[in-house]
Amino acid sequence: MAHQSYQPVLPCVSKFLQYRWDQNNYDIHRKKVSSAKATISRTPPKTYTHINNNSKEKKLKEDRISVIERDNHMLLEKISHIMRTTGRVDNKNDFISKRICSEKRQQDLLRITEENLKILNRLSQCGPNYSIQRWHDDWLKTTTLMESIGRYPRVNSVQSQKGAAWSAKRQVTGAQMRKCTEPGTQPCVVKDDSSISQEEKNTDHQDQENADASEHKITTE
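About the cut-offs
Residues numbered from 1 in each chain as written. Predicted model: local features only at pLDDT ≥ 70, side-chain atom pairs only at ≥ 80, totals over all residues. Heavy atoms only, no water. Helix = DSSP H or I, 4+ residues; strand = E, 2+ residues; numbered from the N terminus. Buried < 20%, exposed > 50% of the residue type's maximum accessible area, 1.4 Å probe, protein only. Areas by Shrake-Rupley, 256 points an atom, 1.4 Å probe, with all protein chains shown as cover. Patch = residues over 30% accessible without salt bridge, like charges linked within 9 Å, V, L, I, M, F, W, Y side chains within 5 Å. Salt bridge = Lys/Arg side-chain N within 4 Å of Asp/Glu carboxyl O. Phe/Tyr/Trp six-rings, centres within 6.5 Å; stacked < 30°, edge-to-face > 60°. pLDDT = per-residue confidence, 0-100. Contact = heavy atoms within 4.5 Å. Polar contact = N/O pair within 3.5 Å; in protein donor to acceptor, adjacent residues only side chain to side chain.

**Digging into the overall build of the protein chain**
- Each helix and strand in the protein chain was counted, giving seven helices and zero strands.
- A total of 221 residues make up the protein chain; the buried ones form 5% of that total.
- As presented, the protein chain carries roughly 21500 Å² of accessible surface, and 56% of it is formed by carbon and sulfur atoms.

Written as structure tokens, this is what we have:
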């Protein structure tokens, strides 16, 4: 009577036959499901004896223990010997350092030291290649030429005159110094620039003011 209340999915001629067929297919499906095997194994992995029992590690551990025991036994014998006797301190060291190239290194060091001394002597004895006095004289000649071809007097004319006087004074001072340093001469005193009187300084200041005034007059004209 169950086939009368059965509602098939697809239209059919006989509900009874369709019910029997569907019920038979469902029973077959349930048997397959119950007898199906899992594709993924859930059992624990196999255990291997050579992994659990590492013989190499045990052997290394035994060797380490044997070395420690041997060292302890030797130390015990040394301590017992010291306790039985008075004991001595052995701190002598008769080792002599022997190097094959020690003499060669010493010779090279001496050679390098001599070369450095020679270079130092050459550097200390060499003189300058450029003369500051010559440069200053050339600049004075240049300023003189510029003043001769200029239309108006330059402001630095007073400074050029001072520079010329300074160069002449320096030449005289150098000649005096060379004369004083000659053998068989008496010591002399050379006048320094620091001994310039206050009147000379005032004169230089007045000349500078006059030069500035003349320049201002020329520009206003």
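**Notes on a nonpolar patch on the surface**
- There is a patch of nonpolar side chains on the surface, built from Phe16, Leu17 and Trp21 and spanning about 310 Å² of accessible area.
- The topology assignment puts Leu17 in helix H1 (residues 15-35).

**A word on the packing of aromatic side chains**
- Tallied over the entire structure, the rule returns two aromatic pairs.
- Arranged with centres 5.3 Å apart and planes meeting at 65°, the rings of Tyr6 and Tyr19 form a pair that is edge-to-face. A residue pair is termed long-range when its members are at least 10 positions apart, and Tyr6 in the segment before H1 and Tyr19 in helix H1 qualify at 13 residues.
- Relative to Trp135, the ring of Tyr130 lies with its centre 5.7 Å away and its plane at 40°, an arrangement referred to as tilted. Here Tyr130 and Trp135 have matching classes, each one exposed.

**A closer look at the confidence of the model for the protein chain**
- Looking at the protein chain as a whole, its pLDDT mean stands at 76, while 67% of the residues score no less than 70.
- Mean pLDDT values over the elements of the protein chain span from 55, in helix H7 (residues 198-220), up to 92, in helix H3 (residues 55-84).
- For the stretch residues 189-197, pLDDT sits under 50, and the model shows seven contacts to residues farther than four places along the chain or on other chains.
- Every residue in residues 215-221 scores below 50 in pLDDT, and together they form three contacts with partners more than four places removed in sequence or on other chains.

**Notes on the pattern of salt bridges**
- Enumeration according to the criterion identifies five salt bridges in this entry.
- The partner of Asp108 in a salt bridge is Lys104, with the nearest N and O atoms 3.8 Å apart. Highlighted residues: Asp108 and Lys104, both in helix H4 (residues 102-125), separated by four residues, approximately one helical turn.
- When its relative accessible area of 24% is taken as the criterion, Asp108 is described as partly exposed.
- One network of salt bridges, with partners in common, ties together Lys104, Asp108, Arg111 and Glu115.

**Examining the side chain of Thr143**
- Residue position: Thr143 is located in helix H5 (residues 132-149).
- Residue class for Thr143 comes out buried when judged on its relative accessible area of 11%.
- Only 2.7 Å separates the side chain of Thr143 from the backbone oxygen of Leu140, close enough to count as a polar contact.

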